[in-house]
Amino acid sequence: MKLVTYRDNEGRARVGAVQDDHIVALPAVGSMLELIEVGPDAVTAARRALLEPADSIPLSGVKLLAPIPHTPKNIMCVGLNYLEHIEESQSASARPDVPVFFTKPPTAIAPPESEIPYPTATRELDYEVELAVVIGRRGKNIPRDEALDYVFGYTIINDITARDLQRKHGQWFKGKSLDLTCPMGPWIVTTDEIPDPGELDIISRVNGEVRQQSNTRHMIFDVAEIISSLSAGMTLEPGDVIATGTPSGVGMGFSPPRYLQVGDTVECEVQGIGVLRNTIGPRE
Ligand code: MG
């Protein structure tokens, strides 16, 4: 099932399920976080609503928000998780022994199909398509072989990065955290539709030109390993989002670099989920 957060006619954020090219409203659900916290019962209720849709709206007629417009904690991200991306990154040369974690704040989250203003704080704005995991159950010290039981579903993140700030500030946080540099969506796909997150084609395009093209099987640390490693001594909560790293083909990897420009359209696609599309707006 594909679950969306969207803005209704009165401007309120609502949760719905996607059926073909329509959204079936789930009026009993206050927010995506609430739905995830309630868990399987809420998913069952949503499925029932799809069978007897009382309130169906064309997808083309609504403004989607990020499926989780404000995450409970920072979006947690894995860096350097595809070998060929490590090779194209000037900052690192060795394959990491453990996942490299960093975060992006909730203020960076942006809706699908939105315009991302080019931040004046940077001159080197770059794209990174990533499969993102949405945690469904609270857990700590999660064993690798149970890790996928803690997943609610999957979405797509564009881990937009200010490369100059990433280099200048040493630690990655600043260059990864500018406002609206974490487009998320267009929806969350529940795990029943993606039994194996380790076999998904992952692609990005800028103005229609393919820039990144790989498969999640090429991750150095797979989804189960990432959850197990991150949850060691640190509680994961329902609604937490983990971005699992990007393959090669980012703008930084070209010679000369091909960073994003005002007016560019970026599409991030993951098999079984969909396409997350954003445009780069004027400098702001
Ligand atoms: Mg990334």
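Refer to the structure above for everything that follows.
Residues numbered from 1 in each chain as written. Predicted model: local features only at pLDDT ≥ 70, side-chain atom pairs only at ≥ 80, totals over all residues. Heavy atoms only, no water.

Novice: For the coordination of the magnesium ion, give the residues involved together with the corresponding values.
Specialist: All of the protein donors around the magnesium ion are Glu128 (OE), Glu130 (OE) and Asp159 (OD); their distances to the metal are 1.9 to 2.1 Å. In the primary sequence, the donor residues of the magnesium ion line up as E-x1-E-x28-D. Both residues of the pair, Glu128 and Glu130, belong to the buried class. (Donors = N, O, S within 2.8 Å, 3.2 Å for Na, K, Ca; no water. Buried < 20%, exposed > 50% of the residue type's maximum accessible area, 1.4 Å probe, protein only.)

Novice: Before we move on, could you go through the packing of aromatic side chains and cite the residues and values that matter?
Specialist: Within the structure shown, the criterion is met by one aromatic pair. Each ring, one from Phe102 and one from Trp172, has its centre 5.2 Å from the other, and the planes form 65 degrees; the classification is edge-to-face. Residue Phe102 is located in strand E7 (residues 100-104), and its partner Trp172 is located in the loop between helix H4 (163-168) and helix H5 (173-176); the two are separated by 70 residues in the primary sequence. For Phe102, a relative accessible area of 8% gives the class buried. The positively charged end of Arg258 is found above the aromatic ring belonging to Phe254, 5.2 Å away from the centroid. (Phe/Tyr/Trp six-rings, centres within 6.5 Å; stacked < 30°, edge-to-face > 60°. Helix = DSSP H or I, 4+ residues; strand = E, 2+ residues; numbered from the N terminus. Lys NZ or Arg CZ within 6 Å of the ring centre and 35° of its normal.)

Novice: Can you explain the nonpolar core? Please cite residues and give values.
Specialist: Leu35, Ile227, Ile242 and Ile273 are the most contacted members of the largest nonpolar core, which totals 83 residues. At six residues, the largest contribution of residues to this core is made by strand E11 (residues 129-135). (Core = buried A, V, L, I, M, F, W, Y, C linked by side-chain atoms within 4.5 Å.)

Novice: Explain the side chain of Thr155 to me, and be specific about the residues and the numbers.
Specialist: Positionally, Thr155 belongs in strand E12 (residues 151-158). Of the polar contacts made by the side chain of Thr155, one reaches the backbone oxygen of Trp187; its length is 2.8 Å. (Polar contact = N/O pair within 3.5 Å; in protein donor to acceptor, adjacent residues only side chain to side chain.)

Novice: Describe in detail the sheet that holds strand E19 (residues 274-283), supporting the description with residues and values.
Specialist: With respect to topology, five strands assemble into an open sheet ordered E9-E19-E18-E15-E16, the strand pairing being mixed. The open sheet has two free edges, formed respectively by strand E9 (115-118) and strand E16 (209-215), since each of these has just one partner strand. Strand after strand, the sheet turns through a mean of 20 degrees between neighbouring axes, direction not considered. Bridge analysis of strand E15 (residues 201-206) against strand E18 (residues 265-270) gives five bridges, and the strand direction is antiparallel. Looking at the pairing, Arg205 lines up with Glu267 of E18. (Pairing = 2+ DSSP bridges. Axes fitted to C-alpha atoms, helices over the stretch in contact; angles between N-to-C directions.)

Novice: Can you lay out the pairing of strand E14 (residues 182-190) for me, pointing to particular residues and giving the numbers?
Specialist: Of all nine residues in E14, nine are buried; the element is thus mostly enclosed. As judged from the two bridges shared by strand E1 (residues 2-7) and E14, these two strands associate in the antiparallel manner. Bridge assignment links Lys2 to a residue of E14, and that residue is Val189. Relative to E14, strand E8 (residues 109-110) runs parallel, the two being bridged by two bridges. Following the sheet pairing, Ile109 is matched in E14 by Cys182.

Take it as geometry only, folks, not as evidence of what the structure does.
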